[in-house]
Amino acid sequence: MGNRIDRALVAETALGLLNEVGLEGLTLRRIAKELNVQAPALYWHFKNKQELLDEVATEMFRRMSRPIVDVGRTTWQEFLAEYSRMLRSFLLGYRDGAKVFSGTRFTDDSYAAPLERMMTVLVDAGFPPRAAAHALHTAHTYTVGHVIEEQSVQPMPGGERDPAYDLANRARKLEGYPLAAEAGWAFFGDLDEAFETGLRIVIAGIESTLTPTAAP
């Protein structure tokens, strides 16, 4: 089996293990055990965990970009909103998915074609190329950051909330700080609503600052 080990197989195996072990437990040694090989067989492909995560993130983007670039849309606002929702849904499907994906470097140029198509949607809508890039990057980073916070509240996909985010208990502890207590309900209450509210803010901000008709 060792002769068939390649980077793609290791990344695929890592994604399969993620819900079981999480980011902290996702080690080359654990993946080697899953593949029934010795750990040194994987060090031939990856010098360290960061190189592994770079490959995993690259594979994640390959998988998520296929449906994203075919999103039906009538306006650039709808395209960015649907892109953000699909990205969020994909990352929420993996334990620690957003943390695994963030702060990594793609290991090949497979991202280029989907990125080109996404940029084209915005440029065709009237954005200058640099403004289109800022718009896409802003929606992207908002979504990844939001999912990182969501996965602190609900670590396992579809699982229970972490008891540390019991909002009634939090409100009791913050008695005397009513605004801080209220903020918790917005931050950690209905996570879908929180995401959609933030997304509307992001898109409105893009519209008011980056479109050709925006005020200087």
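What counts, and at which threshold
- Residues numbered from 1 in each chain as written.
- Predicted model: local features only at pLDDT ≥ 70, side-chain atom pairs only at ≥ 80, totals over all residues.
- Heavy atoms only, no water.
- Helix = DSSP H or I, 4+ residues; strand = E, 2+ residues; numbered from the N terminus.
- Buried < 20%, exposed > 50% of the residue type's maximum accessible area, 1.4 Å probe, protein only.
- Contact = heavy atoms within 4.5 Å.
- Areas by Shrake-Rupley, 256 points an atom, 1.4 Å probe, with all protein chains shown as cover.
- Core = buried A, V, L, I, M, F, W, Y, C linked by side-chain atoms within 4.5 Å.
- UniProt positions renumbered as here; feature names shortened; annotations may be inferred.
- Expected span 1.5 Å × (residues − 1).
- Bend = angle between axes of the 7 residues up to and from the residue.
- Polar contact = N/O pair within 3.5 Å; in protein donor to acceptor, adjacent residues only side chain to side chain.
- Axes fitted to C-alpha atoms, helices over the stretch in contact; angles between N-to-C directions.
- Parallel < 35°, antiparallel > 145°, perpendicular 65-115°, else oblique.
- Left-handed = near helix turned anticlockwise from the far one by under 90°.
- Nonpolar A, V, L, I, M, F, W, Y, C, P; charged D, E, K, R; others polar.

A word on the overall build of the protein chain
Helix and strand counts for the protein chain come out as eleven helices and zero strands. When the helices and strands of the protein chain are read in sequence order from the N terminus, they spell out α-α-α-α-α-α-α-α-α-α-α. Along the three orthogonal principal directions, the C-alpha set of the protein chain runs to about 60 × 50 × 25 Å. Looking at the protein chain residue by residue over its 216 residues, the buried ones come to 40%. Excluding contacts between residues fewer than 6 apart, the proportion of contacts in the protein chain whose partners are at least 24 apart in sequence is 69%. A total of about 12100 Å² of accessible surface is found on the protein chain, and carbon and sulfur atoms cover 53% of it.

Thoughts on the nonpolar core
Within the largest apolar cluster, 56 residues are counted, with the highest numbers of intra-cluster contacts made by I31, L42, M60, M64, L80, L91 and L122. Apart from residues no more than four positions distant in its own chain, L42 is found in contact with I5, V10, L28, I31, A32, L35 and V37.

Here we look at the UniProt feature "DNA-binding region" (unreviewed entry) in the protein chain
The positions that UniProt labels "DNA-binding region" (unreviewed entry) are, in the present scheme, residues 27–46. Regarding residues 27–46, the helix share stands at 65% and the strand share at 0%, and the terminal C-alpha atoms are separated by 11 Å.

A closer look at unusual backbone geometry
Look at N36: it is not a glycine, yet its phi comes out positive at around 60°. When you line up the elements, N36 lands in the loop between α2 (28–35) and α3 (39–43). Positive phi, close to 60°, is recorded for D96, a residue that is not glycine. Among the secondary structure elements, D96 is positioned in the loop between α5 (76–92) and α6 (97–101). According to the relative accessible area criterion, D96 is buried, its value standing at 17%.

Topic: helix α1 (residues 7–25)
A rise of 1.5 Å per residue sets the reference length of α1, with its 19 residues, at 27 Å; its end C-alpha atoms lie only 19 Å apart and thus fall more than 12% short of the reference. Of all the bends found along α1, the most pronounced is centred on N19 and spans about 100°. Burial in α1 covers these residues: V10, A11, T13, A14, L15, L17, L18, V21, G22 and L23. Of the surrounding secondary structure, the elements contacted by the buried residues of α1 are α2, α3, α4 (49–68) and α6.

Notes on the side chain of E59
If you trace the backbone, E59 turns up in helix α4. Classification of E59 by relative accessible area gives buried; the value is 13%. When sequence neighbours within four positions are dropped, the list of residues in contact with E59 reads A11 and L15.

Digging into the environment of Q77
Within the secondary structure layout, Q77 lies in helix α5. In the structure, Q77 is positioned 120 residues away from T197 in sequence and 14 Å away in space, judged by C-alpha atoms. When residues no more than four places from it in sequence are discounted, the contact partners of Q77 are I203 and E207. At a separation of 3.3 Å, a polar atom in the side chain of Q77 contacts the side chain of W76. In terms of polar contacts, Q77 uses its side chain to reach the side chain of E207, at 3.3 Å.

Points about the packing of helix α8 (residues 129–153) against helix α11 (residues 191–209)
Where α8 contacts α11, the axes come no closer than 10 Å and their chain directions differ by 160°. One way to sum up the angle between α8 and α11 is to call them roughly antiparallel. Crossing handedness for the pair α8 and α11: right-handed. In this structure, α8 contributes A135, T138, A139, Y142, T143, H146, E150 and V153 to the contact, and α11 contributes L191, A194, F195, G198, L199, V202 and I206. Looking at the contact of α8 with α11 residue by residue, the class counts come to ten nonpolar, four polar and one charged.

Quick word on the packing of α1 against α4
One can describe the packing of α1 onto α4 by two numbers: an axis separation of 9 Å at closest approach and a directional angle of 100°. The orientation of α1 relative to α4 falls into the category roughly perpendicular. Facing α1, whose interface residues are R7, V10, A11, E12, A14, L15, L23 and E24, α4 presents K49, E51, L52, L53, E55, V56, E59, M60 and R63.

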